[in-house]
Amino acid sequence: MSRVVIYTDGACKGNPGPGGWGVYMRYGDREKDLCGGAAQTTNNRMELQAVIEALRALNRPCQVDFYLDSEYVRQGITSWMTGWKARGWRTADKKPVKNEDLWRILDELLLQSEHSIAWHWVKGHSGEPGNERADALANEGVLRIQTG
């Protein structure tokens, strides 16, 4: 199984406001950058969208090391989502899960994939090169939305 290292990040100018997502992927000596955005969104939605787009970009089963600076996304995937699904996409206090539409897409992608995934948290804006690149790509996504 091929090993892929993926860094993802989201950005938002205003929350809500114009936002962007960024993905930096590394496979051996090959690299790939992805970015995009939305005119009216939140930072958490862009963080989720980055992970979704990264998974969509993988075209065969891989051993994946995901690095993200969003505890919301990492904890959602590794801890909270199982309970949300068991409660009909409700939180422990019976409120609707925020960003349910994106969580459902992410859940489906994970269920359909044959990837072996390890989820790692990295401190944002700390000089970690992969995270800094994903952050720059997320900001590029915002600029694309703002400038058309």
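Up top is the structure.
Nothing here was measured: the structure is a model prediction, and the numbers come from that model. (Residues numbered from 1 in each chain as written. Predicted model: local features only at pLDDT ≥ 70, side-chain atom pairs only at ≥ 80, totals over all residues. Heavy atoms only, no water.)

## What to know about the overall build of the chain
Next up, step 1: For the chain, the helix and strand inventory stands at four helices and five strands.
Next up, step 2: Helices and strands in the chain line up, N terminus first, as β-β-β-α-β-α-α-β-α.
Next up, step 3: Relative to the compact-globule value of 15 Å for 148 residues, the chain shows a C-alpha radius of gyration of 15 Å, a close match.
Next up, step 4: When the backbone C-alpha atoms are referred to their principal axes, the chain occupies close to 45 × 40 × 25 Å.
Next up, step 5: Looking at the chain residue by residue over its 148 residues, the buried ones come to 45%.
Next up, step 6: A sequence separation of at least 24 residues applies to 66% of the contacts in the chain between residues at least 6 apart.
Next up, step 7: Carbon and sulfur atoms make up 48% of the accessible area of the chain, which totals about 7700 Å². (Helix = DSSP H or I, 4+ residues; strand = E, 2+ residues; numbered from the N terminus. Rg over C-alpha atoms; globule rule 2.2 N^0.38 Å. Buried < 20%, exposed > 50% of the residue type's maximum accessible area, 1.4 Å probe, protein only. Contact = heavy atoms within 4.5 Å. Areas by Shrake-Rupley, 256 points an atom, 1.4 Å probe, with all protein chains shown as cover.)

## A few points about helix H1 (residues 43-57)
Next up, step 1: A rise of 1.5 Å per residue sets the reference length of H1, with its 15 residues, at 21 Å; its end C-alpha atoms lie 21 Å apart and thus fit the reference within 8%.
Next up, step 2: Those residues of H1 not exposed but buried are Met-46, Glu-47, Leu-48, Gln-49, Ala-50, Val-51, Ile-52, Glu-53, Ala-54 and Leu-55. (Expected span 1.5 Å × (residues − 1).)

## Some points on unusual backbone geometry
Next up, step 1: Here the bond from Asn-15 into Pro-16 is cis, since omega is 20°, no more than 30 degrees from zero.
Next up, step 2: Within the fold, Pro-16 resides in the loop between strand E1 (2-12) and strand E2 (17-27).
Next up, step 3: Positioned with a positive phi, Trp-89 is a non-glycine residue whose angle comes to about 60°.
Next up, step 4: Inspection of the secondary structure assignment puts Trp-89 in the loop between helix H2 (71-86) and helix H3 (100-112).
Next up, step 5: With a phi close to 65°, Asn-99 is a non-glycine residue in the positive phi region.
Next up, step 6: Within the element layout of this structure, Asn-99 appears in the loop between H2 and H3.

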